[in-house]
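Results of the structural survey
The primary structure of each chain is shown beneath.
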Amino acid sequence: MTNKQNAQMEENRKKKIVALMKEPSYVPMKEKELACLMQVQAEERAELKRMLQELLLEGKIQVNRRGRYSVPSVPPVIGTFIGHQKGFGFVEVEGRREDLFVPAAKTNGACHQDTVEVRLLGGYPGGRQEAEVVRILARGMTQVVGTFQQNRSFGFVIPDNSRFGRDIFISKEKAGGAVTGSKVIVEITDYGGQGRSPEGRIAEILGHINDPGVDILSIVKSCGIPDTFPEEVLRQAEYAARPATGKSGECDAGTGEPEGGDGPELSGRMDLRALPMVTIDGEDAKDLDDAVSLYRKDGYYHLGVHIADVSHYVQEGTALDAEALRRGTSVYLADRVIPMLPHVLSNGVCSLNAGEDRLALSCLMKLNAQGEVADYTIAPTVIRVDERMTYTSVAAILERDDPQECARYERFVPMFREMAALSALIRENRHRRGAVDFDFPESRIRLDGDGRPVEIVPHERNTATRLIEDFMLLANETVAQHFYWLQTPFLYRTHETPDQDKMRRLATFVHNLGYSMKVGQEEVHPKELQKLLEKAEGTPEENLIGRLTLRSMKQARYTTQCTGHFGLASRYYCHFTSPIRRYPDLQIHRIIKEQLSGRLGDVRQAHYESILDSVASQTSRAERRADEAEREAGKLKMTEYMEQHIGEVYEGVISGITSWGLYVELPNTVEGLVHVSSLPGDFFQYDETACEMRGTKTGTAYRLGERIRVQVRFADRFTRSIDFIPAEDDMEGKYGKGSAEACCK
């Protein structure tokens, strides 16, 4: 029996259970009574129990405090509980625009990530809807990463994730050899209750808190990111990476038609090995999954975006494929990369290394003098990269005609200049339609041999990075549009229109900074946000407004419906260009190749229709998980870096204001808190409408985007918190010298 038939049989059984409970004669029953009524055999009881649990999670049935099951008269509200260290929490409900607020007294024992049923309580006018947890349907966290502390007769674990909210009691016999300061994974055996702490046992000791690398490993484990490959997966990767057979052939660069014979692995592929092409990546990149080529002919640009054909090596349904889906994406942390695929593939046969024949999937685009795609071909190819270029080298050639770089890469300099010209046209077209371009200065954290941060340096985009970005975006749009009109099952990258309420709040914030933004009753157009960012360009508050705008937008995700990408102002968009490090790209490569070869018939289309929704959900979750790990690792290393600079004074920008204080961002992107109690000379209150902190007596105000000089007061890598206080010279500027001296006494 096929998996599809098994799934259909199970769905029919569930429908029978629900139908039984809907009968007028039915009275709420316990599981054992249901089993007797439905004549379920003893060996099938576990299956019944599982189906009842799934129906509860789906909200189709309910269970009362006595364990009796029935159908709900009103559909229950079910969601995921998001804890807060202060005791309260929120519940994310699928399809609901805003999370529900759960007061600390109404959580009823729910922990972070639990699936819960809630009862709506109402809310303040204009405020967030409140709710009470009625029932915990499933626990979300069965293991927690934290720091072990030993007492005389017992121990406890302080969770790294402050959202879990409570320390975990560890009896002496369940400590597993952990000592004070051990970083551990604790398995929760009892979630505790009113006035009673959760209990657990030490499942794994990661190392001591001060051991090199343990801090980042703790984040990896806390986020649930797989960091080792199973033996079977490694074996399959080694087997898949065996040297390919085939010999070099010649081709016409204008047509891509092959000349000369090759082995069966290259059969049916367009031979582009004679076409001049390069990879352009960062200096430390190892997994090179995209190459580019460009030439002019008959007044047209012929742009080739060539992507490693990872799907040739990672076959669907294998353990290697299942592991790649489980990981979803490669994760780039401060001191390590956790790849989606084993290194023998990601850095080996799948990487487009210069001078080596490689299998690829190419998007060959013909663009007119306005930078518009006039025609295109998507084809499986065989390529050979001529040169492994870096962003630094290409930027040196394009931005300042560096003599040394121009001489070294003389053969490719004309192509790079043509690429820069085409890139400008593509970018202008994207700008014209209203795409929002966030150009934040990113930071790179340099570590020493022991993983300690020694420098935080800005890492800004240049001509070369923008060039590659433009070409990759265009290829992604071209592929997405092609398969949208074919109406085949596909995986798209979508970005929804922002909520109107968030846009109105953004408009209020930027108005306080002296900027205008039109927000009417209709959905906001991305061009309006583009205009806002352009007005702020080059000003001290540019980065702040950019980040406020980004926070006001929804998160992009993977879906099976082509609903467009708001930020790019694009009707069609997908991820096609990075199959070594992103599973969605690998997934659509399979669909593309089957369609091109004529093998995407009804059976295969039905197969993809049955799995793609699940793939979209899994990869979107994996992306958020990776983002969280990367963000936490960055915060950790930035905090560790600032521990070395206690007492030093910096100029920063107020990047956020809350009732508890001001968040200040330094030029190196480190952000810290100036607590409201540290603001001198007055009693300060937060004015949410004006988005400012104002003194009740003097009227002195701190506003978003305002520059402020701060002194580093405190930094703690374990809580990942940084505290600032206003620098004395800044206080003099606010209050005058005498007032500042008085405040410091």
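Look a little higher up for the structure.
Throughout this document, residue positions are counted from 1 along each chain, in the order its sequence is written. Local features in a predicted model are, by the rule used here, given only for residues with pLDDT of at least 70; side-chain atom pairs are given and counted only at 80 or more, and totals for whole chains, interfaces and linings are based on all residues. Just so you know, side-chain values use all the structure's heavy atoms and leave hydrogens and water out.

1. Some thoughts on the sheet that holds strand E10 (residues 168-171)
DSSP-based pairing: two strands are paired if at least 2 bridges between them are found. Each helix is a run of DSSP H or I of at least 4 residues and each strand a run of E of at least 2, with the numbering of both proceeding from the N terminus. Judged by pairing direction, the barrel is mixed, and its 5 strands sit side by side in the order E8-E9-E10-E12-E11 before closing back on the first. Looking at each pair of strands side by side, their axes are set apart by 50° on average, direction ignored. Both strand E11 (residues 182-190) and strand E12 (residues 199-208) contribute to a ladder of 8 bridges, which runs antiparallel. Its bridge partner being in E12, Val186 is matched across the sheet by Ile202. The contact definition used throughout considers only heavy atoms, calling two residues in contact when any of these lie within 4.5 Å. The axes are straight lines fitted to the C-alpha atoms, using for helices just the contacting stretch, and the angles between their N-to-C directions are given from 0 to 180°. Contacting strand E8 (143-150), E11 and E12, helix H4 (residues 214-222) runs over the sheet at an angle of about 140° to E12.

2. Focus: the pairing of strand E21 (residues 357-367)
A simple rule labels every residue: compare its accessible area, found with a 1.4 Å probe on the protein chains alone, to the largest value its type can have, and call it buried under 20%, exposed over 50%, or partly exposed in between. The buried fraction of E21 amounts to 9 of the 11 residues, a majority that puts the element mostly inside the structure. Bridge count for strand E18 (residues 300-308) against E21 is 8 bridges, and the pairing is antiparallel. Bridging across to E21, Tyr301 finds its partner in Leu367. Where E21 lies against strand E22 (residues 373-384), 11 bridges are found, and the strand directions are antiparallel.

3. Some thoughts on the nonpolar core
Definition of nonpolar core: a set of buried residues of the types Ala, Val, Leu, Ile, Met, Phe, Trp, Tyr and Cys, connected through side-chain atoms within 4.5 Å. By size, the foremost hydrophobic cluster in this structure holds 85 residues, and its most contacted members are Leu345, Phe416, Phe471 and Phe576. If one sorts the elements of this core by residue count, helix H11 (residues 463-486) sits on top with 10 residues. Setting aside residues no more than four positions away along its own chain, Phe576 makes contact with Ile307, Leu361, Cys363, Ala475, Asn476, Val479, Arg582, Asp585, Ile588, His589 and Ile592. Listed in part, the 44 residues of the second largest apolar core include Tyr515, Val524, Ile657 and Val670.

4. Re the pattern of salt bridges
Salt bridges are identified by distance alone: a Lys or Arg side-chain nitrogen within 4 Å of an Asp or Glu carboxyl oxygen. This model, assessed by the stated rule, comprises 55 salt bridges. The salt bridge partner of Lys49 is Glu31, with a shortest N-O separation of 3.5 Å. Taken together, the residues span a long stretch of sequence, with Lys49 in helix H3 (residues 45-57) and Glu31 in helix H2 (residues 31-37) at a distance of 18 residues. When the shortest N-O distance is used, the salt bridge between Asp227 and Lys221 registers 3.3 Å. Residue Asp227 is classed as partly exposed on the basis of its relative accessible area of 30%. Each of Arg427, Arg430, Asp437, Arg461, Glu469 and Asp470 takes part in a single network of salt bridges with overlapping partners.

5. Some words on the environment of Thr658
With respect to the helices and strands, the residue Thr658 is situated in strand E28 (residues 649-658). Among the residues examined, Thr658 registers a relative accessible area of 16% and is labelled buried. C-alpha separation for the pair Thr658 and Glu688, spaced 30 residues apart in sequence, amounts to 8.0 Å. Excluding anything up to four places from it in sequence, Thr658 contacts Tyr663, Tyr686 and Met693.

6. Description of unusual backbone geometry
Non-glycine residue Asp401 carries a positive phi angle of around 45°. Note on placement: Asp401 falls in the loop between helix H8 (391-400) and helix H9 (403-408). You will see that Arg720, though not glycine, has its phi angle at about 55°, which is positive. Overall, the relative accessible area of 18% leaves Arg720 in the buried class.

7. Section: the environment of Leu467
Note on placement: Leu467 falls in helix H11. Considering only alpha carbons, one finds Leu467 and Phe724, 257 residues apart in sequence, at a separation of 39 Å. Among all residues touching Leu467, those that are not within four sequence positions of it are Ile280, Leu398, Phe416, Met419, Ala420 and Ser423.

8. A short note on the sheet that holds strand E33 (residues 701-703)
Strand order in the open sheet formed by 3 strands is E31-E32-E33, with antiparallel pairing between adjacent strands. Two strands in the sheet have a free side with no partner beyond their single neighbour: strand E31 (684-687) and E33. Looking at each pair of strands side by side, their axes are set apart by 20° on average, direction ignored. Here E31 runs beside strand E32 (residues 692-695); their pairing, made up of 4 bridges, is antiparallel. Opposite Tyr686, over in E32, you have Met693 as the bridge partner.

9. Some words on the side chain of Glu665
Structurally, Glu665 is set in strand E29 (residues 661-665). In this structure, Glu665 is in contact with Arg547, Gly652, Val653, Ser655, Val670 and Glu671, ignoring residues within four places of it in sequence.

10. What about helix H12 (residues 500-512)?
A rise of 1.5 Å per residue sets the reference length of H12, with its 13 residues, at 18 Å; its end C-alpha atoms lie 19 Å apart and thus fit the reference within 8%. Taken residue by residue, H12 has Gln500, Met503, Leu506, Ala507 and Val510 as its buried positions. Seen from one end, H12 has its buried residues packed into an arc of 115°, which puts them on one side. Trailing H12 by a residue or two, Gly514 shows a phi angle of about 95°, which is positive. Given the number of residues in a helix, its expected span is that number minus one, multiplied by 1.5 Å. The directions from the helix axis to the C-beta atoms form the arc being described.

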